[in-house]
Amino acid sequence: MNIATDMEKIKEIAKGFLHIRIRETELSPMIVSHPFFQSGYLAGQDKKIINILEDKEGYAYILRQYERLIDLQESYIRFAVIITKPYRLLFYKMTKEYASEMDAGKFLRYAWQHTEGANAAVNMTLAEMRKWFKEIRPEYLMTDEEREQLDTLPETITIYRGLSDKQAKIKALSWTLSIRTARWFADREQRSEGVYRAEIEKKFILAYFDDNDEQEIICDYSKLRNIRKIEA
């Protein structure tokens, strides 16, 4: 990690992301996949709504506006908000070496918590993401209160994970201290794969996040013990 964040290099990479080809979806042009755009319909010049998949001149105008937006950013964490959810962890992967440890910790926490299915993120392996959390000291990932709560836990901890479909990973970084939270994650889709229970030693916990009372445990999945399904 750098001592100081190199915003110019991060902005350069952000502009590279901006010029990635827009991926169409079944619902295009209403919904598209792109690091900066979620819809093919955007406000062009004079606030007129344009279809950037068809209007080349209008799309060029949009790109210029977003390049200005990128240039205006003064902090790394702002890109965790501007970049669309599916691309946040990929952006972190490509830029973290240019960020200070403190800024990297803020970005990783926000991106992880605001990315659907972070444990199965495209273009990243679990081992790679585990390394990210190990690289950052606890004080740059967690609040003082979260670190205090983690310190009070016993040396061996029971944790839970709710799986909402067959694609969800049992061996994953994200678990929870709360069986109620695990049930919610398991039941949010029609085909629930149930709730799993496991044990892990506290020394293998990489972070503890208590936003929204989810009691999320980020742990070294290779150290999980006694994994078993407790609810269908």
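Reading the values: rules and limits
Residues numbered from 1 in each chain as written. Predicted model: local features only at pLDDT ≥ 70, side-chain atom pairs only at ≥ 80, totals over all residues. Heavy atoms only, no water. Buried < 20%, exposed > 50% of the residue type's maximum accessible area, 1.4 Å probe, protein only. Helix = DSSP H or I, 4+ residues; strand = E, 2+ residues; numbered from the N terminus. Pairing = 2+ DSSP bridges. Contact = heavy atoms within 4.5 Å. Polar contact = N/O pair within 3.5 Å; in protein donor to acceptor, adjacent residues only side chain to side chain. Salt bridge = Lys/Arg side-chain N within 4 Å of Asp/Glu carboxyl O.

### Looking at the pairing of strand 7 (residues 194-201)
Next, step 1: The element strand 7 is extensively covered by neighbouring structure, given that seven of its eight residues are classed as buried.
Next, step 2: Inspection of the sheet shows strand 5 (residues 156-163) paired to strand 7 by eight bridges, in the antiparallel sense. Its bridge partner lying in strand 7, Ile157 is registered against Ile200.
Next, step 3: Here strand 7 runs beside strand 10 (residues 225-231); their pairing, made up of four bridges, is antiparallel. Among the inter-strand pairings, Arg197 is bridged to a residue of strand 10, identified as Arg228.

### As for the environment of Thr176
Next, step 1: Among the structural elements, Thr176 can be located in strand 6 (residues 174-176).
Next, step 2: Residue Thr176 is classed as buried on the basis of its relative accessible area, which comes to 5%.
Next, step 3: The spacing of Thr176 and Arg197 is 21 residues in sequence and 9.7 Å in space, taken between C-alpha atoms.
Next, step 4: Not counting residues within four places of it along the chain, the set of residues in contact with Thr176 comprises Ile159, Tyr160, Thr181, Ala182, Glu214, Gln215, Glu216 and Ile217.
Next, step 5: A distance of 3.1 Å separates a polar side-chain atom of Thr176 from the backbone oxygen of Gln215.

### Side note on the pattern of salt bridges
Next, step 1: In the structure shown here, the tally under the stated rule is 16 salt bridges.
Next, step 2: Lys15 serves as the salt-bridge partner of Asp71, at 2.8 Å between the closest nitrogen and oxygen. Of this pair, Asp71 sits in helix 2 (residues 56-72) while Lys15 is found in helix 1 (residues 7-18), placing the two residues 56 residues apart along the sequence.
Next, step 3: With a closest N to O distance of 3.5 Å, Glu128 and Lys93 form a salt bridge. Taken as a pair, Glu128 in helix 6 (residues 126-135) and Lys93 in helix 4 (residues 88-95) lie far apart in primary sequence, 35 residues in all.
Next, step 4: Exposure remark for Glu128: the relative accessible area of 24% places this residue in the partly exposed category.
Next, step 5: Judged by relative accessible area, which is 28%, Lys93 ranks as partly exposed.
Next, step 6: Salt bridges here are not isolated pairs; linked through shared partners, they connect Arg109, Glu146 and Asp211.

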